[in-house]
Amino acid sequence: MVHLSAVAMRKLREWAARRHAIEASFKVGASARLAELCADVGAKEAIDACWSFRQGLEGFPVIRLRARGALQLQCQRCLSPLVWPIELDSQLTAVGSENEIREVASPYDTVIAGPDGLMLGTILEDEILISLPMAPVHSQCEVVRESRPEAAPGLSRPLAGLGALMRQSRD
Ligand SMILES: [Zn+2]
């Protein structure tokens, strides 16, 4: 997504020691994983992001991830566009290997930098995706579903005969 190269553990430690911070602004379209969730118009929306580094209690670098912006999702009730505000503020502890996770008090908020380093864009994408609801809906959705479409007369039911067909093919 954001054009940031992988950051090695050594560098993360150095940034944590001097409380370094990186700010970036990117279009939703720059992230394939976020753009996939959004309508075409939503790809032009900007997200402001910040990664700030400090040393954690266990001696590992802690990364505070912040992001502000909006995603153009689709309401899962009425299927019309839904602007979902992004206001992310979370913290992750970076460790160098799986073994080091045991040394951290909250292992669920841990990322492994590994030999290739840590992709700052990817961990931000991950946190944004985790923050989204499974089925976003308008807080005041206009549409009231009166009846289930398959119960309405005159509608085609392309899968109606499927069960019978499957039974036949098994014979
Ligand atoms: Zn809706």
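Chemist: Would you mind going over the overall build of the chain in detail, with residue names and values included?
Modeler: When its secondary structure is counted, the chain shows four helices and five strands. Helices and strands in the chain line up, N terminus first, as α-β-α-β-β-β-β-α-α. Every one of the 171 residues in the chain was classed for burial, and the buried ones make up 19%. Taking contacts inside the chain between residues at least 6 apart in sequence as the whole, the part at least 24 apart equals 59%.

Chemist: Quick one: what's the story with the sheet that holds strand β5 (residues 110-112), residue by residue and with numbers?
Modeler: The sheet built from five strands is open, its strands ordered β1-β2-β3-β4-β5 with mixed pairing. In this open sheet, the two edge strands, each paired with only one partner strand, are β1 (21-27) and β5. Put simply, the sheet's adjacent strands are angled 30 degrees from each other on average, direction ignored. Looking at chain direction, strand β2 (residues 46-55) and strand β3 (residues 61-74) are connected through eight bridges and run antiparallel. Paired with Phe53 across the bridge in β3 is Ile63.

Chemist: Which residues make up helix α3 (residues 120-131), and what are the values?
Modeler: In this model, α3 (twelve residues) spans 17 Å end to end at C-alpha, consistent with the 16 Å of a helix rising 1.5 Å per residue. Considered for burial, the residues of α3 that qualify are Leu120, Gly121, Leu124 and Ile128. Across the axial projection of α3, the buried residues extend over an arc of 100 degrees, all falling on one side. The exposed residues of α3 that point more than 90 degrees off its buried face are Leu129 and Ile130.

Chemist: Explain helix α1 (residues 9-17) to me, and be specific about the residues and the numbers.
Modeler: Inspection of α1 places Met9, Leu12, Trp15 and Ala16 among the buried residues, and these make up the whole buried set. Buried residues along α1 cover an arc of 120 degrees about the axis, so they all sit on one side. Counted as exposed and oriented over 90 degrees from the buried face of α1: Arg10 and Ala17. Residues of α1 that are buried sit in contact with β2, β3 and β4 (81-95).

Chemist: Can you lay out the nonpolar core for me, pointing to particular residues and giving the numbers?
Modeler: With 25 residues, the main nonpolar core has Leu12, Ala94, Ala113 and Leu118 as its most contacted residues. Of all the secondary structure elements, the ones that give two or more residues to this core are α1, β2, β3, β4 and α3.

Chemist: Any chance you could break down the pairing of β2 for me, citing the residues and the numbers?
Modeler: As judged from the seven bridges shared by β1 and β2, these two strands associate in the antiparallel manner. Across the sheet, the residue bridging to Lys27 is Ala46, located in β2. Counted along the chain from β2 to the antiparallel partner β3, the turn is five residues long, and its residue Gly59 has a positive phi close to 90 degrees.

Chemist: A description of unusual backbone geometry should follow, citing residues and the corresponding values.
Modeler: The phi torsion at Arg19 lies on the positive side, around 45 degrees, for a residue other than glycine. Within the secondary structure layout, Arg19 lies in the loop between α1 and β1. With 10 C-beta atoms packed within 10 Å, Arg19 lands in the exposed category. Positive phi values are uncommon outside glycine, yet Leu79 reaches one of about 65 degrees. Leu79 gets classed as exposed once you count the C-beta atoms within 10 Å, which come to 9.

Chemist: Outline the environment of Ala70, supporting the account with residue identities and numerical values.
Modeler: Mapped onto the elements, Ala70 comes out in strand β3. Look at Ala70 and you get partly exposed, because 16 C-beta atoms sit within 10 Å. It is 8.4 Å that separates the C-alpha atoms of Ala70 and Glu87, two residues lying 17 residues apart in sequence. Setting aside residues no more than four positions away along its own chain, Ala70 makes contact with Glu45, Val83, Trp84, Pro85 and Ile86.

Calculation criteria
Residues numbered from 1 in each chain as written. Predicted model: local features only at pLDDT ≥ 70, side-chain atom pairs only at ≥ 80, totals over all residues. Helix = DSSP H or I, 4+ residues; strand = E, 2+ residues; numbered from the N terminus. Buried ≥ 20, exposed ≤ 12 C-beta atoms within 10 Å, placed from the backbone. Contact = placed C-beta atoms within 7 Å. Pairing = 2+ DSSP bridges. Axes fitted to C-alpha atoms, helices over the stretch in contact; angles between N-to-C directions. Expected span 1.5 Å × (residues − 1). Arc of directions from axis to C-beta. Core = buried A, V, L, I, M, F, W, Y, C linked by C-beta atoms within 7 Å.

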